[in-house]
Amino acid sequence: DFDIVALGEPLVELNQTHQDQRQYLQGFGGDTSNAVIAAARQGASCAYLTRVGNDAFGQQFLDLWQAEGVDTSGVQVDEQAHTGLYFVQHGPDGHAFSYLRRGSAASLMTPASLGSGLIERARYLHVSGISLAISTSACDTVFAAIERAHAAGVQVSLDSNLRLRLWPVDRARAVLRETMRTADLFLPSMDDMQHLTGNDDPERTLDWIRDAGATGVVVLKLGKDGSIIDDGHRRVPVAALRVEAVDATGAGDCFAGSLLARRCQGDSWEDAVRYANAAAALSTLGYGAVDPLPRKEQVLERLKSFSG
Ligand code: KDG
């Protein structure tokens, strides 16, 4: 059985180095793949559901997941479509993504791609705003996966991961609002919510989420200001860990994967969020989404020095 089964699109990553703007480091990305690898590095048992191309990059991903101990029995290989790709560029306002992903293998997922049995064997199904945005059939696949999870008593975790390159804001708001209602755990970032609601106040944002019908636990991520846990009864702020970030790509995914892993290991919400904050901070110390994802020992070490 699995602690976490995630569903979404892996993307090959080409990350601009600071030394030379025309030089790119190849790595791996794709929000839910990042999250599931982060979770596996914290000791969780994980599986990933997706579709990759029958190309060198699809094979690299299969090798990566296997090396990380992520079950790939739910990964399909598409004979025609390619594995998606993105570039990370760094500027004064942080990082920006450019995508080459339209028509990718993962965007061709349909509810039939879910196969049988994997979701039902998990404690958490993890999906995101990107899984919902990449295509209509992928969106349908996420909804079908959520239905199956609920029918089997599996908890659903949703990361907002709003990417406005992928869908218009009105559709994003409508689909995310619908999906957050079905989530046992909703992980929005303040930046994403500001685009959806137009306001930048955390308390009002949490009110908006509750008014929209979310009934599960909500963890609102405030970046360097930490996070707020809203369990439906009380709101508890948790401080962030300050670091000199090099590249924040994938930090939110690291947060999600680490949080789920720690919940599966029995942490309280507060302890799990504190741990996830530390893991996410550590993941910003190197380039790329996957390579700098910390392992459990590093996070525990860092938490020890943090609490003095
Ligand atoms: O959260 C980081 C991801 O955004 C990155 O790995 C690329 O999955 C990606 C996307 O669609 O933006």
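The structure this text deals with has already been given above.
Residues numbered from 1 in each chain as written. Predicted model: local features only at pLDDT ≥ 70, side-chain atom pairs only at ≥ 80, totals over all residues. Heavy atoms only, no water.

Draft legend 1. Quick look at helix α9 (residues 269–282). An ideal rise of 1.5 Å per residue puts 20 Å on 14 residues; α9 measures up with 20 Å between its terminal C-alpha atoms. The buried count for α9 comes to eleven of 14 residues, which makes it a mostly enclosed element. Of the residues making up α9, those classed as buried are W269, A272, V273, Y275, A276, N277, A278, A279, A280, A281 and L282. (Helix = DSSP H or I, 4+ residues; strand = E, 2+ residues; numbered from the N terminus. Expected span 1.5 Å × (residues − 1). Buried < 20%, exposed > 50% of the residue type's maximum accessible area, 1.4 Å probe, protein only.)

Draft legend 2. Structural detail: the site of the ligand. Close to the ligand lie 13 residues; Y86, Y99, R101, R163 and D253 are nearest. A distance of 2.8 Å is found between an oxygen atom of the ligand and a side-chain nitrogen or oxygen belonging to Y86. A distance of 2.7 Å is found between an oxygen atom of the ligand and a side-chain nitrogen or oxygen belonging to D253. For the ligand, whose accessible area on its own is 320 Å², the fraction buried by protein is 97%. Those elements that place two or more of their residues in the shell around the ligand are α1 (31–41) and β8 (94–100). Class assignment for the residues of the shell around the ligand results in five nonpolar, four polar and four charged. (Near = heavy atom within 4 Å. Polar contact = N/O pair within 3.5 Å; in protein donor to acceptor, adjacent residues only side chain to side chain. Areas by Shrake-Rupley, 256 points an atom, 1.4 Å probe, with all protein chains shown as cover. Nonpolar A, V, L, I, M, F, W, Y, C, P; charged D, E, K, R; others polar.)

Draft legend 3. Focus on the environment of I228. Following the sequence through the fold, I228 ends up in strand β13 (residues 227–230). Note on I228: relative accessible area 8%, which makes it buried. The sequence separation of I228 and V238 amounts to ten residues, and the corresponding C-alpha distance is 6.0 Å. When residues no more than four places from it in sequence are discounted, the contact partners of I228 are P202, L206, V218, V219, L220, L222, R235, V236 and P237. (Contact = heavy atoms within 4.5 Å.)

Draft legend 4. Just the nonpolar core, in detail. Core analysis: the largest hydrophobic core is formed by 50 residues, its most contacted members being W65 and L259. The dominant element in this core, judged by the number of residues it contributes, is α9, at ten residues. Contact partners of W65, with chain neighbours within four places excluded, come to P10, S33, I37, Y48, T50, V52, V70, T72 and V75. Counting 46 residues, the second largest nonpolar core, distinct from the first, contains A47, M109, W208 and V218. (Core = buried A, V, L, I, M, F, W, Y, C linked by side-chain atoms within 4.5 Å.)

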